[in-house]
Amino acid sequence: MIREVANEKVEKRPSRVRLNGRILFLTEDPSLIQRQLAGEDLPWDTANPQNNPKLRDDISTDEITPAHICFFFDETLGEFPYTGLKCGAELPIARGALKGAGFVASVSGKRRGKGSSREQSPYAELCAGIQLVIAENIERIYKQNCQNLGVLTSTDFTLIDRIRSGEEMLLSEFTRGEDEITRQIIEYGGLFKFNVARLQGKAFLPPITTRERPMNLAEKIFARHMLADSGQVGVRAVKPGDAGFARTDLRFSHEYVTPMAAIFFDRLVGRDAPVNDPASVLCFRDHLTFLDEVLSEQKRKMGLLDLATQLKLKQGDFASRKGIRLHGELKDRKGAEGICHSVVLETYALPGQLIVGSDSHTPHSGAIGCVAFGIGTTDVFNSWITKDVRVRVPESLKIVIRGKKRDNVTAKDFILKILSLDYVRSGQALAKVVEYAGEAISQLSIDERATMTNMAAEIGGFTGIVAPDSKAVEFLVERRGIERHAAEAMLAGLESDPEAEYTHVIELDADEISPMIAAPGDPGNGKYIRELDAQVPVEIAYGGTCTAGKNEDMDMYARVLSDALEQGKRVAESVQFFIQFGSQETREYCRRRGYLDIFHRAGARLIEPSCGACINAGPGVSNRPDQVVISAQNRNFPGRSGPGQMYLASPLTVAATAVAGHIVEYESTGQRELISA
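Everything quoted here is computed from the prediction, not taken from an experiment.

### Concerning the environment of I441
Here's step 1: Relative to the helices and strands, I441 is located in helix 17 (residues 439–442).
Here's step 2: With 17 residues separating them along the chain, I441 and V424 place their C-alpha atoms 19 Å apart.
Here's step 3: Apart from the residues within four sequence positions on either side, I441 is in contact with I401, Y436, R449, M452 and V466.

### Structural notes on the packing of aromatic side chains
Here's step 1: Going through the model one piece at a time under the given rule, you end up with 17 aromatic pairs.
Here's step 2: Aromatic pair F264 and F381: ring centres 6.0 Å apart, planes at 65°, arrangement edge-to-face. With a gap of 117 residues between them, F264 in helix 10 (residues 258–268) and F381 in helix 14 (residues 377–386) connect regions that are remote in the sequence. No difference in accessibility class separates F264 from F381, as the two residues are buried.
Here's step 3: Through successive ring pairs, a cluster of aromatic residues spans Y123, F192, F264, F265, F318, F381 and W384.
Here's step 4: Over the face of the ring belonging to F462 we find R140, whose NZ or CZ atom lies 4.3 Å from the ring centre.
Here's step 5: For the cation-ring pair, R198 lies above F245, with the distance from its terminal atom to the ring centre recorded as 4.1 Å.

### Regarding the environment of K387
Here's step 1: Checked against the element boundaries, K387 lands in the loop between helix 14 and strand 13 (388–392).
Here's step 2: For K387, a relative accessible area of 18% gives the class buried.
Here's step 3: K387 sits 136 residues away from R251 along the chain, and the two C-alpha atoms are 8.2 Å apart.
Here's step 4: Discounting chain neighbours no more than four positions away, the residues touching K387 are A246, R247, T248, R251, N276, D277 and S280.

### A word on unusual backbone geometry
Here's step 1: Non-glycine residue Y82 carries a positive phi angle of around 70°.
Here's step 2: Assignment of secondary structure puts Y82 in the loop between helix 3 (61–64) and strand 3 (103–107).
Here's step 3: A residue is classified by how much of its surface remains accessible, and Y82, at 0% relative accessible area, is buried.
Here's step 4: A positive phi angle, close to 65°, is found at K387, a residue other than glycine.

### Comments concerning the pattern of salt bridges
Here's step 1: Per the counting criterion, the structure on display carries 58 salt bridges.
Here's step 2: We note a salt bridge from R605 to E293, for which the minimum N-O separation is 3.1 Å. Of this pair, R605 sits in strand 22 (residues 605–607) while E293 sits in the loop between strand 9 (281–284) and helix 11 (297–301), placing them 312 residues apart in sequence.
Here's step 3: What makes E293 partly exposed here is its relative accessible area of 39%.
Here's step 4: Bridged by salt links that share partners, the residues K12, E180, R183 and E187 form one connected network.

### Examining the packing of helix 23 (residues 551–566) against helix 24 (residues 584–593)
Here's step 1: At their nearest, the axes of helix 23 and helix 24 sit 9 Å apart, and the two run at 40° to each other. One way to sum up the angle between helix 23 and helix 24 is to call them oblique. Crossing angle aside, the handedness with which helix 23 passes helix 24 is right-handed. Of the residues in helix 24, those in contact with N551, M554 and D555 of helix 23 are T586, Y589, C590 and R593.
Here's step 2: Across the contact of helix 23 with helix 24, the residue classes break down as 3 nonpolar, 2 polar and 2 charged.

### Topic: the environment of T248
Here's step 1: Here T248 is to be found in the loop between strand 7 (243–247) and strand 8 (250–254).
Here's step 2: In this structure T248 comes out as buried when scored by relative accessible area, which is 2%.
Here's step 3: Residues T248 and P206, 42 residues apart in the sequence, show an inter-C-alpha distance of 19 Å.
Here's step 4: Those residues in contact with T248 that lie beyond four places of it in its chain are L354, V356, K387, D388 and V389.
Here's step 5: Engagement of the side chain of T248 in a polar contact is seen with the backbone oxygen of K387, the distance being 2.9 Å.

Calculation notes
- Residues numbered from 1 in each chain as written.
- Predicted model: local features only at pLDDT ≥ 70, side-chain atom pairs only at ≥ 80, totals over all residues.
- Heavy atoms only, no water.
- Helix = DSSP H or I, 4+ residues; strand = E, 2+ residues; numbered from the N terminus.
- Contact = heavy atoms within 4.5 Å.
- Phe/Tyr/Trp six-rings, centres within 6.5 Å; stacked < 30°, edge-to-face > 60°.
- Buried < 20%, exposed > 50% of the residue type's maximum accessible area, 1.4 Å probe, protein only.
- Lys NZ or Arg CZ within 6 Å of the ring centre and 35° of its normal.
- Salt bridge = Lys/Arg side-chain N within 4 Å of Asp/Glu carboxyl O.
- Axes fitted to C-alpha atoms, helices over the stretch in contact; angles between N-to-C directions.
- Parallel < 35°, antiparallel > 145°, perpendicular 65-115°, else oblique.
- Left-handed = near helix turned anticlockwise from the far one by under 90°.
- Nonpolar A, V, L, I, M, F, W, Y, C, P; charged D, E, K, R; others polar.
- Polar contact = N/O pair within 3.5 Å; in protein donor to acceptor, adjacent residues only side chain to side chain.

Structure follows, in C-alpha cells:
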C-alpha cells in the first residue's frame, strides 16, 4: 500500500496566489446576502471596519452544511454551502445559489466553523468555488479540514482589497505563523498530497527537540505518542507549538464520514489495499438509525432517505472488505449497538491512550485520562494509511471548580456555566486542551466527567481531560472487568506536574452554581433558571445522546420520575418526554435497576441507542419554529434539531421540566414539592 501511494506524482502548488472572483460577505442582514447572490458586490471599508455591515458570528458547520446535506458524499455538496445559515429569522441562501456565482472567498466574523467536525462543510465550499475563508477567528477542526482539502484560511481582512484589485499574493502569507508541518500541507495543497511527498522524501517532519520540562497531563500523553525523527514512538518532552505526527491507539468513524473517507481511500490508494492495523480501527452505525421516523416528505423527495441508506451500506462494505469491527444496527429491533463515544469509553478506551474519531465529541473519553480528539474525513482516511495523525501540541487551559456542588447541580450545569464565560464566548479557549480539576471535579463520577470532557467541543477546545484517579480505577474494574492491580498500574505518571504551564486558569466555586439553561441559538447562552423572567412552557423534553444517555444520566431521569410518581404525578399531558439510551450497556443497566418500569409508568417514551434528535435524525426533534424544546444534548445551534426553540439543560432539569410542563429546577422530595405552584 505504501509503495503504491509513494508512486503518486506530487508537486507543491505555485508560490504566488491570485484569486480571480467575487467575495461573499456573510452578514447578519439577509437582504445584503440576497443582493450579493443577485450579482451585487458589497462595498467594504477595510480601513474603517466600524462602517461595515455586521458580519455573522458563530457560524457553525450545522449552518454551512445542515445534517441532512451530509448524506451526500461527493461533489454534489457544492450545491449546498450555507443553506442552513440563519440571518435574523431568514435562511437567505438556497440550494445552488453559490455554485457558478463566481465567489472565490467567503468572509464572516468570530468563531467560524464551530461545532461538528464534518469535513463536508469546507468540501461543499470548495466544490462551490470558495478557495479562501476569512474570519476573525476560526475553530480548530474546521480550519484543519480546510487545510487538508487545500482551502486557504486567514484572519487578515486586508486581503479583501487585494483580492478585489486582482493583486497577486505570496502563498507564504497563508502559512505565516503556522508550524512546519501545516506550512508544508498548505504548500502541497492538502494532507494527502503532503503525505505522498512525505513518503517520497520531498516533505519532512521537523524533529522535536524540546528538553525535559514540567508537563501537564495532556503534554505527557502527547510526548508518549509523538513520532521521533528516528521513526520510534515517543519523545522525552513536548511543549505547546511542537508539531509532528502522533501514533494513535484507536481510530474510529461513523456512517456520516466512513463512506467519504472510503471513497478517498479506494480512489487514491486502491480498493484492494489494506488498512494499517485494522484491529485498532472501529466503525459505527449510530447517527441515522431512526432517520425514517422524522424525515420530511420534501426531503424524502430529494432522495435523502435513499442516500442515508447508501451511507450505511458503503460503510458496511468497506468495514467488511478491510476487516474492521463494525458496531452496527440491532438484529431483533430498531436501534443501534450504541453511540460511538459511549461505546468507546465503555468498552475500549484506557488511561493514557491517544484516540481519534470522526466526531467533535471524541473528547468524551478524556473522562478517564485519554487525549481524545475529533478529526475530519481526510485525517481519518490518512490515518488508515499511516496509523498516525498530525498534531501541533496545543496550549492548555485549566478549569478548577472548587468546593462541593449542590444536590440538584450536575456536570451539565458546570459546563453550561463555563460556556457562558466571556473568556470562552470570545473564542480565547479555541484549540486549547481543557483540563478540569478541583474538589468538585474529583467528586464527579466517570459518567459525569465524560459530560465535561465531551462538551470541550462546545468550548471550542482541542480536547477535554481529567486526570485519572481511584474513580477511574473503579470504572475499569466494575464496568470493564479489568483486574484492579492492572487498572492501578495504568495510572502511573498520568498527572500534571506541579510546575506545569497553562495559558490561563479559570477558577469557579461549585457552591455558587445553581441549575443552568442555555437559551436557544447557542450553548453559550447560559443563565441560571432562577433568572428567567417568565414561565417557559415546553412541548418536547429530550434526554439522551452521547452527552446525556449514560448510566448516571439514567439515574437522574429515574430519580426525578420516581419522585413524581410518589407524588401521584407523571409527565405533563402537554409534553412529550423522550429518553434515549447511549448504548445497549446503558439500556441493560436500566433494566437491572428497574428504571424501564419507572420510565413507562411516568409516561416517557424510550428509544434505543442512536444520536437521533441531536442531529435532527430521530424522535425528539421539533417541527415548528414556535415549538419549545428542552434537551440534555450538547448543542442548540439554529436548525440542528429542527426549527424550534431549544433550551439546553441537565438531565435533572429536563426530567423535572417534563413533569412540570415548563422549565423548572429540580429539588428532591423532602426539600420542596417537585412541581412549583
